[in-house]
Amino acid sequence: MAGRGDNGPTIGIDLGMTYSCVAVWQQNRAEIIAEDQGNRTTPSCVAFTGSQRFIGTEAKNQMVMNPTNTVFDVKRLIGRRFSDLSVQNDMQLWPFKVIAGIGDKPVIVVQYKGQEKQFAAEEITSMILVKLHEIAESYLGCAVMDAVITVPAYFTDCQREATKIVGVIASLDLMCLINEPTAAAIAYGLEKRSNTEKKVLIFDLGGGTFDVSVLTIDKGIFEVKATAGDAHLGGEDLDNRMVCHVIQELKRKHHKDISGNPNKMRKLKVACERAKRILSSTNNATIEIDNLFEDTNFSLTITRDSFEELNMDLFAKCVETIKKCLKDAKMDKSSIHEVVLVGGSTRIPIVQQLLQEFFNGKQLCKSINPDEAVAYGVAAQAAMVRGEGNEKLNGMLLLDIAPLSIGLELGTGNMNVLIPRNTVIPTKKNRIVSAIPSKPRGSIMVY
Ligand code: AMP
């Protein structure tokens, strides 16, 4: 396989909040690389014990026994401040400890080899990245230096910068970052080739983030028209709603409060996530936990209806986000040719139902694997970046946009927008600002 000089092949990494996936483009297609235990995705989870560190599947498997030293959801901390409301809220449900570090940076505290250790979110994420890098090198049988990594389209500039730092810590040469729904669109475009222009809406609801992108795909040119989303909405939030519901039920029926017990909370979270997945194919699921309190087993049946009721505002928010994205793209919903489902949470029947209703009964595109589409697309992008000119990727061009407006904070405290959201990137803007005479010129570049 052709590599970039002696840097080996460039790998594509879908660095997800709950699961991550690594892929490489070879023999004219993206190859998803399975981890040591044969799984095609790797839990984005790191655990510390008295004697060792686990990453991925092994870390997730020992989570219930070692909740306070098993770190997950760390993408929710990347590029954020400790005092951010979202961090403060998330911390209520995490069994591991997070404290405020220098400059209000969140710091994760664990016990490792008998000592207290502190890690930045970037360091934990880099451990996951190193694991994915090793998985790729062991599969490919050669050294790999370069990677392209995906980020949620709605990640802020701070979160993108923090992701680049993760690449540096993991000693990977980061060729570029690409937005998750854009990567999924590439996967879709390669799978469903067409000679006419297609307007495609990518609906990406994963474990922790939600993105909607509207693109046109025309003879290998992928042009993102608009992006909207919520960098803090995904399957984890649905699990957490169920966890809170069960906590209330326990208080009401048994006068017990388990919210301060990390071990019990972890068991409950695992049981709720399992029940949520079951509810995607049946109407009832039982949340069962052995020895929840005083050697008593706990069991509660939850119906699909009550699960939907618990989360209806979040599902409704998804539909509102689609409306906003279409408005920004200046497109009517009737002009969309294909609605593509990406991310594990799009398996939830009510999500599909609401989408189909919004698009007046249109059939949704479920033919690309929702767990692997982003990795597939980023592997293709990685091959394009390194200039591998095989016929399938030949002539492909990606025109992406800045998802959020970027500007300068002026003396009034208001943001003076320099680059409005949905501007095609790369772009460069200059503006003269005169509030501080010694610093007359503002200049911003976005890549
Ligand atoms: P992703 O980030 O795309 O890997 O999505 C992971 C999220 O998808 C997690 O929150 C999972 O609980 C959720 N998920 C996966 N399969 C299902 C399913 N069958 N029903 C509901 N949620 C699911």
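Residues numbered from 1 in each chain as written. Predicted model: local features only at pLDDT ≥ 70, side-chain atom pairs only at ≥ 80, totals over all residues. Heavy atoms only, no water.

Draft legend 1. Fine view of the overall build of the protein. The secondary structure content of the protein amounts to 10 helices and 25 strands. On C-alpha atoms alone, the protein measures out to a radius of gyration of 22 Å, which is about the 22 Å that the 2.2 N^0.38 rule sets for 447 residues. The C-alpha extent of the protein, read off along each of the three principal axes, is 65 × 55 × 55 Å. Within the span of the protein, comprising 447 residues, buried residues form 54% of the whole. Partitioning the contacts of the protein with sequence separation of at least 6, the portion at a separation of at least 24 is 62%. Accessible area of the protein: about 19,800 Å², with a carbon and sulfur share of 49%. (Helix = DSSP H or I, 4+ residues; strand = E, 2+ residues; numbered from the N terminus. Rg over C-alpha atoms; globule rule 2.2 N^0.38 Å. Buried < 20%, exposed > 50% of the residue type's maximum accessible area, 1.4 Å probe, protein only. Contact = heavy atoms within 4.5 Å. Areas by Shrake-Rupley, 256 points an atom, 1.4 Å probe, with all protein chains shown as cover.)

Draft legend 2. Main features of the sheet that holds strand β10 (residues 115-120). Across the sheet, which stays open at both edges, the 3 strands sit in the order β8-β9-β10 with antiparallel pairing between neighbours. Strand pairing shows two members of the sheet lacking a second neighbour, β8 (97-100) and β10, which therefore form its edges. Adjacent strand axes in the sheet meet at a mean angle of 40°, parallel and antiparallel pairs treated alike. On the sheet, helix α3 (residues 121-140) packs against β9 (106-112) and β10 and is oriented at approximately 90° with respect to β10. (Pairing = 2+ DSSP bridges. Axes fitted to C-alpha atoms, helices over the stretch in contact; angles between N-to-C directions.)

Draft legend 3. Representation of the site of the ligand in the model. Around the ligand sit 14 residues in total, of which Gly207, Glu273, Lys276, Ser280 and Gly344 are the nearest. Glycine 344 is positioned with one of its backbone polar atoms (N or O) 2.9 Å from an oxygen atom of the ligand. The protein chains hide 88% of the 500 Å² of surface that the ligand would expose on its own. With respect to the pocket detection grid, the ligand is positioned in the largest pocket. The leading source of residues in the shell around the ligand is helix α7 (residues 262-278), at 3 residues. Looking at the shell around the ligand residue by residue, the classes come out as 2 nonpolar, 8 polar and 4 charged. (Near = heavy atom within 4 Å. Polar contact = N/O pair within 3.5 Å; in protein donor to acceptor, adjacent residues only side chain to side chain. 1 Å grid on protein atoms, 1.4 Å probe; cavity = no way out; pocket = protein on both sides within 12 Å on 5 of 7 lines; lining within 4 Å. Sits in = over half its atoms within 2 Å of the grid points. Nonpolar A, V, L, I, M, F, W, Y, C, P; charged D, E, K, R; others polar.)

Draft legend 4. Quick peek at the nonpolar core. Of all hydrophobic cores here, the largest spans 51 residues; its most connected members are Leu201, Phe203 and Ile287. Ranked by residues supplied to this core, first place goes to helix α8 (residues 304-329) with 9 residues. Setting aside residues no more than four positions away along its own chain, isoleucine 287 makes contact with Met242, Val246, Leu268, Ala271, Cys272, Ala275, Phe298, Ser299, Leu300 and Ile302. Val46, Phe82, Trp94 and Val166 belong to the second largest nonpolar core, which has 47 residues in total. (Core = buried A, V, L, I, M, F, W, Y, C linked by side-chain atoms within 4.5 Å.)

Draft legend 5. Representation of the pattern of salt bridges within the structure. Taken as a whole and judged by the stated rule, the model has 21 salt bridges. Taking the shortest distance from any N to any O, the salt bridge between glutamate 161 and lysine 164 comes out at 3.1 Å. You can see glutamate 161 and its partner lysine 164 sitting in helix α4 (residues 157-169), 3 residues apart, about one turn around the helix. Here arginine 347 ties to aspartate 371 by a salt bridge, and the two come within 2.6 Å at their closest N and O atoms. In this pair, arginine 347 sits in the loop between β18 (338-342) and α9 (349-358) while aspartate 371 sits in the loop between α9 and α10 (373-385), placing the two residues 24 residues apart along the sequence. (Salt bridge = Lys/Arg side-chain N within 4 Å of Asp/Glu carboxyl O.)

Draft legend 6. Molecular detail of the environment of aspartate 204. Within the secondary structure, aspartate 204 is located in strand β13 (residues 198-205). On a C-alpha basis, the gap between aspartate 204 and glycine 229 in space is 9.1 Å, while along the polypeptide they are 25 residues apart. Filtering out sequence-adjacent residues up to four positions away, aspartate 204 remains in contact with Glu180, Pro181, Thr209, Phe210, Asp211, Val342, Gly343 and Val374.

Draft legend 7. Up close: the state of the cysteines. For the coordinates displayed, the defined rule picks out 0 disulfides. Cysteine 272 carries a free sulfur, and the closest cysteine sulfur to it, the one in cysteine 244, is 9.2 Å from it. Cysteine cysteine 365 shares no disulfide, and the gap to the nearest cysteine sulfur, in cysteine 325, comes to 17 Å. The buried category is assigned to cysteine 365, whose relative accessible area is 4%. (Disulfide = S-S within 2.5 Å.)

Draft legend 8. Representation of empty space enclosed by the protein in the model. Applying the stated criterion across every chain yields a total of 4 cavities of 30 Å³ or more. As a volume, the largest cavity reaches approximately 70 Å³. Looking at the largest cavity, the residues that line it are Leu15, Lys75, Ile78, Thr125, Thr150, Val151, Phe155, Thr163 and Val166. Contributing elements (two or more residues each) for the lining of the largest cavity: β11 (146-151) and α4. Residues of the lining of the largest cavity, tallied by class, amount to 5 nonpolar, 3 polar and 1 charged. (Points joined across faces, edges and corners; volume = space filled by probe spheres on them.)

Draft legend 9. Layout of unusual backbone geometry. Note the cis peptide between isoleucine 425 and proline 426, where omega equals 0°. Within the secondary structure, proline 426 is located in the loop between β23 (423-424) and β24 (427-432). Phi angles above zero are rare outside glycine, and glutamine 27 is one such case at about 45°. Assessed through its relative accessible area of 76%, glutamine 27 is described here as exposed. Despite not being glycine, serine 171 shows a phi value in the positive range, around 60°. Checked against the element boundaries, serine 171 lands in the loop between α4 and β12 (173-179). Residue classification places serine 171 among the exposed positions, given a relative accessible area of 55%.

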